[in-house]
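# A closer look at the structure
Given next are the chains, with one letter for each unit.
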Amino acid sequence: FKAITRYRYVDRTAAYERLGYIGDKEQRNDTIAPGYIISPKKMPKQLCSPAEFRAKIAGDDPKYDSLIQKNSNAHGIPQGAPISDLLANAYLLEFDVELAAYIRARGGRYWRYSDDLVLVLPGSDENGKRAESYVADLICKYGDALEIKASKTCIGHFRRRDDGSHEYTHIAGEGGADGIQYLGFRFDGRRAYIRNSTMSNFYRKITRRARRQAAKHVARFDGKDKVWLYDNFDFQDFEKRFGRVRDFESVTTKRGWTFWTYATRAAERFGDLGTPIIKQVSGYRGYVRRAVLGEIDRRLEVRGRRDELEL
């Protein structure tokens, strides 16, 4: 508990400066100012060796002060530690009890997972607005640094249709225009979808990966023309990093999962409600090919301009 609440950390900019990735650099206007000496894209994943860390970051070398800082706040735990979720949930248990009682007394249901909350209440739109105000006030009782973010809060109204589905109406809030969002999914009253922001992140990852792999491919086969580079890029291997893996159903460890695995499992759990989920990711192969080919073209243009300058 002490280790997780009195955690230690190093400021990123300070570490970059100490290791020589940031320093005084000549700017375009002929002035000297701090800047990246090495582009962030070209920095190694391991910023320094263990010996360098001890000497330059931890301060074992007398020439350097230690950059390691200790959390002195009475609140806050770092993300990513195995126990972080457990502590966050335990911290809000009394909040859960009080809020659940409030919702049940009004004939509703309440769910929370970590910092994601969903309240379902019968009645008018005003009931939803009053509940939103109640939650915002209640959370303050359990910590001065806790708040309900208005930018991530929405109120929606579901009305049952004759066919058993629901009609969704957005009432208030910056989000939720196309349905209620919870744990990475969106429900519009008829069908469940993977949240739009999650899909956007998925395609951004493909784009970044395509940029790196295309650059390596062009550099490795310097001198080859566009058609040869197109035909000899291993699209199948690239797709496996994101999409459907042959016999993926036999993959039992999370290490072997892909985004396709996630989408397929989600669609299966939602049943008929989740039929749009597979459609959301079905076009990823075409997107992969377009992204890679576009990046190959871009790298070839850069190579062409470089060759012209050398001439």
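Quick note: structure is the one above.
Below is a summary of the structure that appears in this document. (Residues numbered from 1 in each chain as written. Predicted model: local features only at pLDDT ≥ 70, side-chain atom pairs only at ≥ 80, totals over all residues. Heavy atoms only, no water.)

### Thoughts on the overall build of the protein
Test applied: Starting at the N terminus, helices and strands are each numbered in turn, a helix being any DSSP run of H or I of at least four residues and a strand any DSSP run of E of at least two. C-alpha atoms define the radius of gyration, and 2.2 Å times the number of residues to the power 0.38 defines the globule rule. Note on definitions: a residue-residue contact is assigned when non-hydrogen atoms from the two residues lie within 4.5 Å. Calculation of accessible area relied on Shrake-Rupley with a 1.4 Å probe; when residues are assessed, cover is drawn exclusively from the protein chains displayed.
Helix and strand counts for the protein come out as 12 helices and 11 strands. The C-alpha atoms of the protein give a radius of gyration of 26 Å, which is well past the 19 Å a tight globule of 311 residues would have. Principal-axis analysis of the C-alpha atoms places the extent of the protein at approximately 75 × 55 × 45 Å. Sequence-distant contacts in the protein: of pairs separated by 6 or more residues, those separated by 24 or more amount to 49%. Here the protein has roughly 21,400 Å² of accessible surface; of this, 50% comes from carbon and sulfur atoms.

### Quick notes on the pairing of strand S5 (residues 109-113)
This is how the line gets drawn: Only protein chains enter the accessibility calculation, which uses a 1.4 Å probe; a residue whose area is less than 20% of its type maximum is buried, one above 50% is exposed, and one in between is partly exposed. One bridge is not enough; two strands pair if DSSP finds at least two bridges between them.
Of the two faces of S5, the one lined by Tyr110 and Arg112 is fully buried and the one lined by Arg109, Trp111 and Tyr113 carries no buried residue. The hairpin turn running from S5 into strand S6 (residues 116-120), its antiparallel successor, is two residues long, and Ser114 in that turn takes a positive phi close to 60 degrees.

### Some thoughts on the nonpolar core
General note: in soluble globular proteins, nonpolar side chains tend to be found buried as a group. The following threshold applies: What makes a nonpolar core is a set of buried Ala, Val, Leu, Ile, Met, Phe, Trp, Tyr and Cys residues whose side-chain atoms join them at distances within 4.5 Å.
Counting residues in each nonpolar core, the largest one holds 27 residues, and the members touching the most others are Phe202, Phe238 and Val292. Those elements giving two or more residues to this core turn out to be helix H7 (196-220), helix H9 (235-240), helix H10 (259-270), helix H11 (275-281) and helix H12 (284-310). Looking at this core, the element that brings in the most residues is H7, giving seven residues. Dropping the residues within four chain positions of it, Phe238 is found in contact with Ile206, Arg209, Ala210, Gln213, Phe233, Val288 and Val292. By size, the runner-up hydrophobic cluster in this structure holds 12 residues, among which are Tyr110, Leu138, Ile139 and Tyr142.

### Quick word on the packing of aromatic side chains
Filter applied, for reference: For this analysis, a ring pair means two rings from Phe, Tyr or Trp (six-membered ring only for Trp) whose centres lie within 6.5 Å, classed as stacked if their planes differ by under 30 degrees, edge-to-face if by over 60, and tilted for the remaining angles. We count a charge as sitting over a ring when the NZ of a lysine or the CZ of an arginine lies within 6 Å of the ring centre and within 35 degrees of the ring normal.
Enumeration according to the criterion identifies 17 aromatic pairs in this entry. Consider the rings of Phe95 and Tyr142, whose centres lie 6.0 Å apart with planes at 80 degrees: the pair is edge-to-face. With Phe95 in helix H5 (residues 93-104) and Tyr142 in the loop between helix H6 (125-140) and strand S7 (154-160), this pair connects stretches of sequence that are 47 residues apart. You can call Phe95 buried: its relative accessible area is 0%. Owing to a relative accessible area of 15%, Tyr142 belongs among the buried residues under this scheme. Here Phe158 and Tyr168 contribute two aromatic rings whose centre-to-centre distance is 5.0 Å and whose plane-to-plane angle is 50 degrees, an arrangement assigned as tilted. Linking Phe158 in strand S7 with Tyr168 in strand S8 (residues 166-173), this pair joins segments that are 10 residues apart in sequence. For Tyr168, a relative accessible area of 14% puts it in the buried group. An aromatic cluster is defined as three or more aromatic residues linked by ring pairs; in this entry it consists of Phe185, Phe202, Tyr203, Phe259, Tyr262, Phe270 and Tyr287. The ring of Trp228 has Lys224 lying over it, and the distance from NZ or CZ to the ring centre is 4.8 Å.

### What to know about the sheet that holds strand S9 (residues 180-182)
The cut-off we apply is this: Where helices are involved, their axes are fitted lines through C-alpha atoms of the stretch in contact, as for all axes, and angles between N-to-C directions lie from 0 to 180°.
Taken together, the three strands give an open sheet; going across it, the order is S9-S10-S11, and neighbouring strands pair in antiparallel fashion. The sheet terminates laterally at S9 and strand S11 (192-194), the two strands that pair on one side only. Each strand axis lies, on average, 30 degrees off the axis of its neighbour in the sheet, ignoring direction. As paired strands, S9 and strand S10 (residues 185-187) are joined by three bridges and run antiparallel to one another. Counterpart to Tyr182 in the pairing with S10 is Phe185.

### Quick look at a positive patch on the surface
For clarity, the cut-off: Residues enter patches when they are more than 30% accessible in relative terms and free of salt bridges; like-charged ones are connected within 9 Å and nonpolar ones (Val, Leu, Ile, Met, Phe, Trp, Tyr) within 5 Å. The salt bridge definition used is simple: a Lys or Arg side-chain nitrogen within 4 Å of an Asp or Glu carboxyl oxygen. None of His or the chain ends enter the tally, which takes Lys and Arg as positive and Asp and Glu as negative. In this description, the location of a charge corresponds to atom NZ of lysine, CZ of arginine, CG of aspartate or CD of glutamate.
A contiguous patch of positive charge, built from Lys45, Arg204, Lys205, Arg208, Arg212 and Lys216, is present on the exposed surface. With respect to the secondary-structure elements, Lys205 resides in helix H7.

### Structural notes on the pairing of strand S2 (residues 22-26)
When S2 meets strand S3 (residues 32-36), the two strands line up antiparallel, connected through five bridges. Paired with Ile22 across the strands is Tyr36, a residue of S3. Between the end of S2 and the start of S3, which pair antiparallel, lie five residues, with Asp30 showing a positive phi angle near 65 degrees.

### Things to note about the packing of H5 against H6
Counted only if it meets this: Roughly parallel here means an angle under 35 degrees, roughly antiparallel means over 145, roughly perpendicular means 65 to 115, and every remaining angle is called oblique. By the definition used in this description, the sense in which the near helix is turned from the far one sets the handedness, with an anticlockwise turn below a right angle giving left-handed and a clockwise turn giving right-handed. Any residue that is not Ala, Val, Leu, Ile, Met, Phe, Trp, Tyr, Cys, Pro, Asp, Glu, Lys or Arg is counted as polar, Gly included; the first ten are nonpolar and the last four charged.
Interaxial distance between H5 and H6 falls to 11 Å at its minimum, and their mutual angle equals 160 degrees. The pairing of H5 with H6 is recorded here as roughly antiparallel in orientation. Taken as a pair, H5 and H6 cross one another with a handedness that is right-handed. Counted together, Phe95, Glu98, Leu99 and Tyr102 of H5 and Arg130, Ala131, Tyr134, Val135, Leu138 and Ile139 of H6 form the full contact between these two elements. Residue composition of the contact of H5 with H6, by class: eight nonpolar, no polar and two charged.

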